[in-house]
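Okay, here's what each chain looks like letter by letter:
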Amino acid sequence: MIRTVFYEDWEMECCGTPFSVGDEVTWNVVRSTLPPGQRPAPVDAADGAGELFVFTAHSSQTGTPATLTGRVRRIQVVIRGYRASRREPDSFSPVPGDFRLRPVDTCPKWFKQPVGGQLPPRDGRAYRQEETGVLVELEDAAEG
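Conventions we followed
Numbering of residues starts from 1 in every chain and runs along the sequence as written. Predicted model: local features are reported for residues with pLDDT of at least 70 only, side-chain atom pairs are reported and counted for 80 or more only, and whole-chain, interface and lining totals are derived from all residues. With hydrogens and water set aside, each side-chain value is computed from the structure's full complement of heavy atoms. Residues enter a nonpolar core if they are buried and are Ala, Val, Leu, Ile, Met, Phe, Trp, Tyr or Cys, with the set joined through side-chain atoms within 4.5 Å. Three exposure classes are used, based on accessible area relative to the maximum for each residue type with a 1.4 Å probe and protein chains only: buried under 20%, partly exposed in between, and exposed over 50%. Segments assigned H or I by DSSP are reported as helices when at least four residues long, segments assigned E as strands when at least two residues long, and all are numbered from the N terminus. Only heavy atoms enter the contact rule, under which two residues are in contact if any of them lie within 4.5 Å. Put simply, two rings from Phe, Tyr or Trp (the six-membered ring, in Trp's case) pair if the centres are within 6.5 Å, and we call them stacked under 30 degrees between planes, edge-to-face over 60, tilted for the rest. For a Lys NZ or an Arg CZ to count as sitting over a ring, it must be within 6 Å of the ring centre and within 35 degrees of the ring normal. By the counting scheme adopted, Arg and Lys are positive, Glu and Asp are negative, and His together with the chain ends is not counted. The term salt bridge refers to a pairing of a side-chain nitrogen on Lys or Arg with a carboxyl oxygen on Asp or Glu at a separation within 4 Å.

Asker: Looking at this model, I keep getting lost on the nonpolar core. Mind explaining?
Answerer: Nonpolar side chains tend to gather and get buried jointly when the protein is soluble and globular. Among the nonpolar cores identified, the biggest contains 22 residues, and Val 5, Phe 19, Trp 27, Val 134 and Leu 138 are the most heavily contacted of them. Of all the elements in the fold, those that place two or more residues in this core are β1 (2–8), β2 (24–31), β3 (53–55), β4 (66–84) and β6 (127–143). Sort the elements by how many residues they give to this core and β4 lands first, with 6 residues. Setting aside residues up to four positions removed in sequence, Val 5 forms contacts with Trp 27, Val 29, Phe 53, Val 54, Phe 55, Leu 68, Val 134, Leu 135, Val 136 and Leu 138. Counting residues in each nonpolar core, the second largest holds 6 residues, with Phe 6, Leu 52, Phe 99 and Leu 135 among its members.

This is the structure:
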C-alpha cells in the first residue's frame, strides 16, 4: 500500500530531520479533512483513494493522530502560488489549485520563500510562489 503524506516546511525547519528516497520512516500524521481546493498539496498527487495525510509533530493539525511506517518511495517539493489581497496588498493568500511539484532525492531542511524573485502580477495583484513543504509517497505504509 502507498500513502501520500504532506510534510510542511515549518515542521521540517523547526525540528525535522531530512530524509531521502529509500529511507524507512515512522511518522505521526492526521488525515487531511480539507476540501480539495483548500488542501496544502495537489489532490491528484494523493494516493488512489484521493486520501492525503499531513505530518504532525506539534499537533497543529486537527483530527485523530495515527502512525504511519513505510519506505520513502518519492519526494516532491510543493511550490504553491500566493496572490496579494485586494484590500491589504502586503497580505498574501494561497491561490486554490495553484501548485507545482519538483522531484528531489532528499527532503531539504530549509525551503525557499519566495521562489523565483518578483513575478508578474496576476489579476492585477502581486503574485509570488513559495516552497511550502514536501509531498512524500510511503510504500507499504501501515497505519497504526
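Asker: Just checking my understanding: could you explain the packing of aromatic side chains for this structure?
Answerer: Any aromatic ring pair is given by two values, namely how distant the centres are and how the planes are angled relative to each other. The final tally for this structure, using the stated rule, is 5 aromatic pairs. A centroid spacing of 5.3 Å and a plane angle of 75° characterise the contact between Tyr 7 and Trp 27, whose relative ring orientation is edge-to-face. Taken together, the positions of Tyr 7 in strand β1 and Trp 27 in strand β2 put the pair 20 residues apart, joining distant regions of the chain. Across this residue pair, the class does not change: Tyr 7 and Trp 27 are buried. For the ring pair Phe 19 and Trp 27, a centre distance of 5.0 Å and an interplane angle of 65° mean the geometry is edge-to-face. One exposure class covers both Phe 19 and Trp 27, and it is buried. Here the aromatic cluster, defined as three or more aromatic residues joined through ring pairs, consists of Tyr 7, Phe 19, Trp 27 and Phe 55. The aromatic ring of Trp 110 is capped on one face by Lys 109, whose charged end is 5.9 Å from the ring centroid. For Arg 128, the ring lying beneath its charged end belongs to Phe 92, and the centroid distance is 4.0 Å.

Asker: How should unusual backbone geometry be read in this particular structure?
Answerer: Excluding glycine, a negative phi dihedral is what most residues carry, and trans is how most peptide bonds are arranged. The omega torsion across Gln 113 and Pro 114 is -5°, close enough to zero to call that bond cis. With respect to the secondary-structure elements, Pro 114 resides in the loop between β5 (92–104) and β6.

Asker: Teacher, can you tell me more about the side chain of Arg 83 here?
Answerer: Inspection of the secondary structure assignment puts Arg 83 in strand β4. Those residues in contact with Arg 83 that lie beyond four places of it in its chain are Ser 91, Phe 92, Ser 93, Val 95, Arg 122, Asp 123, Arg 125 and Ala 126.

Asker: Can you help me understand the side chain of Arg 125 in this one?
Answerer: By secondary structure assignment, the location of Arg 125 is in the loop between β5 and β6. In this structure, Arg 125 is buried with no salt-bridge partner, the nearest side chain bearing the opposite charge being Asp 123 at 4.6 Å. Those residues in contact with Arg 125 that lie beyond four places of it in its chain are Arg 83, Ala 84, Ser 85 and Arg 86.

Asker: Looking at this structure, how should I read the pattern of salt bridges?
Answerer: Side-chain pairs of opposite charge can arise where the charged atoms are in close proximity. Per the stated rule, a full pass over the model turns up 8 salt bridges. Here Glu 51 and Arg 3 are joined by a salt bridge, their closest N and O atoms 2.9 Å apart. Taken together, the positions of Glu 51 in the loop between β2 and β3 and Arg 3 in strand β1 put the pair 48 residues apart, joining distant regions of the chain. A single burial state applies to Glu 51 and to Arg 3, both of which are buried. The salt bridge partner of Arg 102 is Glu 131, with a shortest N-O separation of 2.8 Å. With Arg 102 in strand β5 and Glu 131 in strand β6, the pair connects residues that are 29 residues apart, well separated along the chain. By relative accessible area, Glu 131 is classed as buried at 3%. Within this structure, Arg 3, Arg 31 and Glu 51 form a network of salt bridges that share partners.

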